[in-house]
Amino acid sequence: MATGKVDALLGIVFGDEGKGKVVDYFTPQYDVVARFAGGPNAGHTIIFDGKKFVLRSIPSGIFDEGKLNIIGNGCVIAPDLFMLEAKEVESAGYQLTDRLHISRRAHLILPTHRVLDRAYEAAKGKAKVGTTGKGIGPTYSDKAARIGLRVGDVLNDFDAKYAALKARHEQILKDLHFTDYGITEEEKVWMEGVEYMKKFHLVDTEHEINRYLKEGKKVLAEGAQGSLLDIDHGTYPFVSSSSTTSGGVCTGLGVAPNTIGRIFGIFKAYSTRVGSGPFPVELFDETGAEIRRIGKEFGAVTGRDRRCGWIDLVALKYAIMINGVTDLVMMKSDVLDGFDTIKVCVAYEKDGETVTEMPYDTEGWNPVYEELPGWKTPLSDLRNESEFPAAFKSYIDYLEKALETPISIVSVSPDRDATIVR
Ligand code: IMP
């Protein structure tokens, strides 16, 4: 019997690598595009025909009419935000209800989860994670505590289940003395979102995906966030609460490890991070500000300034190892067009100790750099590798050698067609 494969497309650093654009570019080669982790904390920006869309929970394959899109069991979903997002896509002329299936096992983000997110952050003071405030941590906590509400619950005695979990949250908020909040309006829209969600196929997507695989169909697993935000492998506790790495594809979709095919690891030609937490390559100077300005490095969900720095090979090697990356995809190379010199972090140093393997605690390490000449040529109009300036080719060769993994795709501008396959 024919067996299709699940290929994974993962951000392998701190998220915001430009996954939306790459998934959108890849979609024609696949039958199904599926999200396996995270929720509306993600913001996948897609630009085509001069229009910009920011997808949060909906897979990026939604703009290709022939494809099925799945929100898998490993995801968390906020019905109100989902409704707003879906209506926006619908109003752009796309039919959604038959092409977007949602796992009944995915967990629901309640309005009180979002309040809890704020309350926990406030209680942490200086040690706060800098979350997106979308209730991600509290929702996954309830999942692990086996008290969460799942999408399947909306079809069965929902009001009582909702009231019970909400009461539980209210008690925690009271205990935390976090009582100055109002969710009446929010709750109303949230309930409308629950009703709206019922228009969609709320199904056992795990069986569905496996049926497709048996038929030889191809599935693309679309990552969210980045490997260093993974609950197990990231810079804990400054992480998100889901499994963002390739292992999460199996648990978050219900597919076996032997169905996984290629694993595409997406990274930028430089580094960024949103929120708190260690970031050894962070630049606090004019160069960092320049990268932010040229790269438009402001959060798609929160609008926050992203912290910027040079590329970090210590982090990339670690992420390639954890994920089993087979192919690298380098994004936003054009952002570095104007720099005389490009720095590459090859090791971390602290108190006379130098490491090249990602340490347990990345706090307090300083980057050790090697320098390469800049290409000083605009890349954004190039559509063929043969046109690449020599210094840019050298940058790619250097990275491939150091990372021991091929860079199969290079993106040189936000446009759909500026994606060069090598
Ligand atoms: P949470 O996922 O909202 O709980 O946030 C936890 C951490 O992950 C914070 O530092 C966020 O800034 C970061 N984070 C969450 N989602 C994204 C994303 O899509 N891109 C980049 N950072 C993210």
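Everything below is about the structure shown above.
Criteria and thresholds
- Residues numbered from 1 in each chain as written.
- Predicted model: local features only at pLDDT ≥ 70, side-chain atom pairs only at ≥ 80, totals over all residues.
- Heavy atoms only, no water.
- Helix = DSSP H or I, 4+ residues; strand = E, 2+ residues; numbered from the N terminus.
- Buried < 20%, exposed > 50% of the residue type's maximum accessible area, 1.4 Å probe, protein only.
- Polar contact = N/O pair within 3.5 Å; in protein donor to acceptor, adjacent residues only side chain to side chain.
- Contact = heavy atoms within 4.5 Å.
- Arc of directions from axis to C-beta.
- Salt bridge = Lys/Arg side-chain N within 4 Å of Asp/Glu carboxyl O.
- Near = heavy atom within 4 Å.
- Areas by Shrake-Rupley, 256 points an atom, 1.4 Å probe, with all protein chains shown as cover.
- Nonpolar A, V, L, I, M, F, W, Y, C, P; charged D, E, K, R; others polar.
- Pairing = 2+ DSSP bridges.
- Core = buried A, V, L, I, M, F, W, Y, C linked by side-chain atoms within 4.5 Å.

1. Overview of the side chain of Asp-327
On the secondary structure map, Asp-327 appears in strand S15 (residues 327–331). The buried category is assigned to Asp-327, whose relative accessible area is 6%. A polar contact is formed between the side chain of Asp-327 and the side chain of Thr-326, at a distance of 2.7 Å. Polar contacts involving the side chain of Asp-327 include one to the side chain of Ser-408, which spans 2.7 Å. Look past the residues within four positions of Asp-327 in its chain and what remains in contact with it is Arg-262, Ile-263, Phe-264, Gly-265, Thr-405, Pro-406 and Ser-408.

2. Re helix H7 (residues 205–214)
Buried residues of H7: Thr-205, Glu-206, Glu-208, Ile-209 and Leu-213, and no others. Down the axis of H7, the buried side of the element spans an arc of 165°, and every buried residue falls inside it. Across H7 from its buried face, at more than 90 degrees, point the exposed residues His-207, Arg-211 and Lys-214. Gly-216 sits one or two positions beyond H7 and adopts a positive phi of about 85°.

3. Notes on the pattern of salt bridges
Going through the model one piece at a time under the given rule, you end up with 24 salt bridges. Its salt-bridge partner being Glu-400, residue Arg-422 comes within 3.0 Å of it at the nearest N-O pair. Remark: Glu-400 occurs in helix H11 (residues 390–403) and Arg-422 occurs in the segment after strand S20 (419–421); sequence separation between them is 22 residues. For Arg-422, a relative accessible area of 33% translates into the label partly exposed. According to the relative accessible area criterion, Glu-400 is partly exposed, its value standing at 22%.

4. Some remarks on the environment of Gly-248
Considering the arrangement of structural elements, one finds Gly-248 in helix H8 (residues 246–253). When the C-alpha atoms of Gly-248 and Ala-37 are compared, they prove to be 7.0 Å apart, with 211 residues separating the residues in sequence.

5. Regarding the environment of Asp-351
Within the secondary structure layout, Asp-351 lies in the loop between strand S16 (341–350) and strand S17 (353–355). Linking Asp-351 and Trp-365, residues 14 residues apart in sequence, is a C-alpha distance of 8.7 Å.

6. Regarding the site of the ligand
Neighbouring the ligand are 16 residues; Asp-16, Asn-41, Thr-132, Ser-240 and Arg-304 lie closest to it. Between the ligand and Val-129, the relevant distance is 3.5 Å, taken from an oxygen atom to a main-chain nitrogen or oxygen of the residue. Contacts to the ligand include Thr-132, whose side-chain N or O atom sits 2.6 Å from an oxygen atom. Starting from 470 Å² of accessible surface for the ligand in isolation, the protein chains cover 96%. Of the residues contributing to the shell around the ligand, the split by class is seven nonpolar, seven polar and two charged.

7. As for the pairing of strand S7 (residues 100–103)
Residues Leu-100 and Ile-102 line one face of S7 and the alternating positions His-101 and Ser-103 line the opposite face, and both faces are buried. Note that strand S5 (residues 68–71) and S7 share three bridges and pair parallel. By the bridge assignment, Ile-70 is partnered in S7 with His-101. Pairing between S7 and strand S9 (residues 201–203): three bridges, direction parallel. Bridge pairing links Ser-103 to Val-203 in S9.

8. Here we look at the nonpolar core
Ile-12, Val-249, Phe-267, Tyr-395 and Leu-399 are the most contacted members of the largest nonpolar core, which has 71 residues in total. For this core, the element with the highest residue contribution is helix H10 (residues 313–323), accounting for seven residues. In this view, Phe-267 contacts Ile-12, Val-13, Glu-17, Ile-311, Leu-316, Leu-328, Val-329, Met-330, Met-331, Leu-399 and Ile-407; residues no more than four positions away in its chain are not counted. By size, the runner-up hydrophobic cluster in this structure holds 32 residues, among which are Ile-58, Val-151, Tyr-162 and Val-194.

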